[in-house]
Structures are given as C-alpha cells and as structure tokens.
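Spelled out, the chains give:
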Amino acid sequence: MVHDIQTQPVNTDAAWGSFAPKGMDRLLLDMTRNLPYNWLGKRVFYALRRLGRMHLAGKPVDVTRLGAQLRLMAERNVCEGRILFNPDYFDARERRFLSEHLPESPIFIDAGANIGGYGFYVCHVRPRAQVISIEAQENTFKKLVFNVQQNPHMNITPINCALADTNGTVRLFINDVNSGATSIRVRNASHTAVDIKGVTLLKLAQDFNLTRIDAIKLDIEGVEDIVLKSFFETAPSHLFPRLILIEHSIKRWTFDVVDFLKRFRYLPIRDFGGNVVLQREPGA
C-alpha cells in the first residue's frame, strides 16, 4: 500500500469536489488549519497532522487553500501536506513578503513548483499575474496540472522540465519518501532515477518571449548555483529578475550563490532561515 501511495499520481478523473473531506477527516483538517503558528501550536499541529495522515490513508482531498481550489494528498510530499493541513506552515513569511513587494501585474517564475503553492498564492494576491510553474517530477507535475485546471481564472502555465545549466537530457533522482526533495544533483537511498528534459533559465525566458522577470522563486534542491551561473553569464540584463527568493543550500552548492549574485548588483534583504531574498539595486 505504501508503494502505491508514493508512486501513483492523484486521481485526476473525478471532478473537483468529489473528495471533499467529511466526518473525522474534515474535523482534523479544521483543527490543524486553525492552530496558531507558535511553540504550542506547532506541537499540537505535528500530533494532529500525524493522526490526520493515518486517517486519510493516502486518499486525495479537495480543499480551498491559498485562494485556489486544490486536490491534495498528505503522503510522500512534505510541501503538499503542509498546504493541506495548514498553509501557515508553508513559507508563510516568504509569501507575505511577495504580497508586499510584487507589482500589480507581475511576471513570476516558480522553479521547483511542487503542486503549485507559490503560483496559486501569487495569482490570488495579484489577479493580473503571469506565473510560470516549473516542476520536474512527473507525478507531482500531474497534480500541478490538475490543480491549475481547477482555477482557470489564474494565469499559470505549468512546465514539466528541470532547470539546468544546459539544454538537453538530464538525470533526475527521485525521492520516494518526499517527492519535493527530488533533484538532478542529490541522490537518494532508493536509487530511483529517470531521464527528463533539462532547460536553462534563459531558454525558458526566450520560449515565453519574456521582456522582464519581476520575481523568481528557486527551490530546486541544490542546483540553484549552476542554474543561476548559466543564466547571469548569458542572459541580457533586462531579464535579470528584480527579486530572487532562493532556498539557501550552501552545503549543496559548489560556490556561494549569494556572493555570486552580488557581482550583478543584488543585495540580500531578507533572511527567512531556509530561504533568502535578494533584490537588485534600483537603477541597476
């Protein structure tokens, strides 16, 4: 049963609403969603989430989260489970920062989109946003596509590829315990790997005929260094994002990305612990 949960994509045949939570499932989700984000709230949250996962037993759930209609599962995806049980446990400070700093009609790239949480949130707070959501893992991407289809008023384009430093085939190492930790750099104990399409950030921008990028979020499991180095050494400066929200993976990088970006007039302006925001100097 565990194998089926972790390898099969969520049911995308039934209409959204078919898996609305009922009974104990609904009670547990309501309880976790209303917990405060503090020391005591966290202790209770983790206990109730464990109970909720056991009760759901791998079933999909149709809920409204981050301003969007989503079909989510609690198993084998940490990011997805946090959004399901309580979105405040999914990069709440980072998302709040974006809501305060994005222009009214932003072009936003979400690299390492998972099931699309950042993209749905950006479209919720900026209805005129254009979002490009990039997800490499096939089954996670299918969930992303389904959820995008349930929210046609949101301008989100899902792309199934891995950002890389070259265009062509790359090897993707699947994390069977947490699909959000799948990476083209980080191997895992299962030794499961597939070949997929790799695309540079510059080619992606060119394919979409972008004239600017207002913000980009990169959570691509340790390859932020090679992706950004390739981009900044080849892209025209008008494509340099105004804001970069990046997972701080210094132990995985081959060089310090934050120091590298300072060469292109970026300054770190907010440190959230696991993630850091850099902003390009005005007039650069």
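Let me begin by describing the structure that accompanies this report. These figures come from a predicted structure and were not determined experimentally.

Conventions and cut-offs
Residues numbered from 1 in each chain as written. Predicted model: local features only at pLDDT ≥ 70, side-chain atom pairs only at ≥ 80, totals over all residues. Heavy atoms only, no water. Pairing = 2+ DSSP bridges. Helix = DSSP H or I, 4+ residues; strand = E, 2+ residues; numbered from the N terminus. Buried < 20%, exposed > 50% of the residue type's maximum accessible area, 1.4 Å probe, protein only. Contact = heavy atoms within 4.5 Å.

Before going further, it helps to examine the sheet that holds strand β7 (residues 168-173). Taken in spatial order, the three strands line up as β6-β8-β7 in an open sheet, and their pairing is mixed. The outermost strands of the open sheet, each flanked by one partner alone, are β6 (162-163) and β7. Alignment of β7 against strand β8 (residues 193-199), held across six bridges, turns out to be antiparallel. If you follow Thr169 over to β8, its bridge partner there is Lys197.

What follows concerns the side chain of Asp225. Tracing the backbone shows Asp225 in helix α9 (residues 224-232). Residue Asp225 is classed as buried on the basis of its relative accessible area of 0%. Apart from the residues lying within four places of it in its own chain, the contact partners of Asp225 are Arg185, Trp253, Thr254, Phe255 and Val257.

With that settled, the discussion passes to unusual backbone geometry. A positive phi angle, close to 55°, is found at Leu66, a residue other than glycine. As for its position among the elements, Leu66 is in the loop between β1 (61-65) and β2 (68-72). Judged by relative accessible area, Leu66 falls into the buried class, the value being 10%. In this model, Asp91 sits at a positive phi of 45°, which is unusual for a non-glycine residue. With respect to the secondary-structure elements, Asp91 resides in the loop between α4 (78-85) and α5 (92-101). What makes Asp91 partly exposed here is its relative accessible area of 22%.

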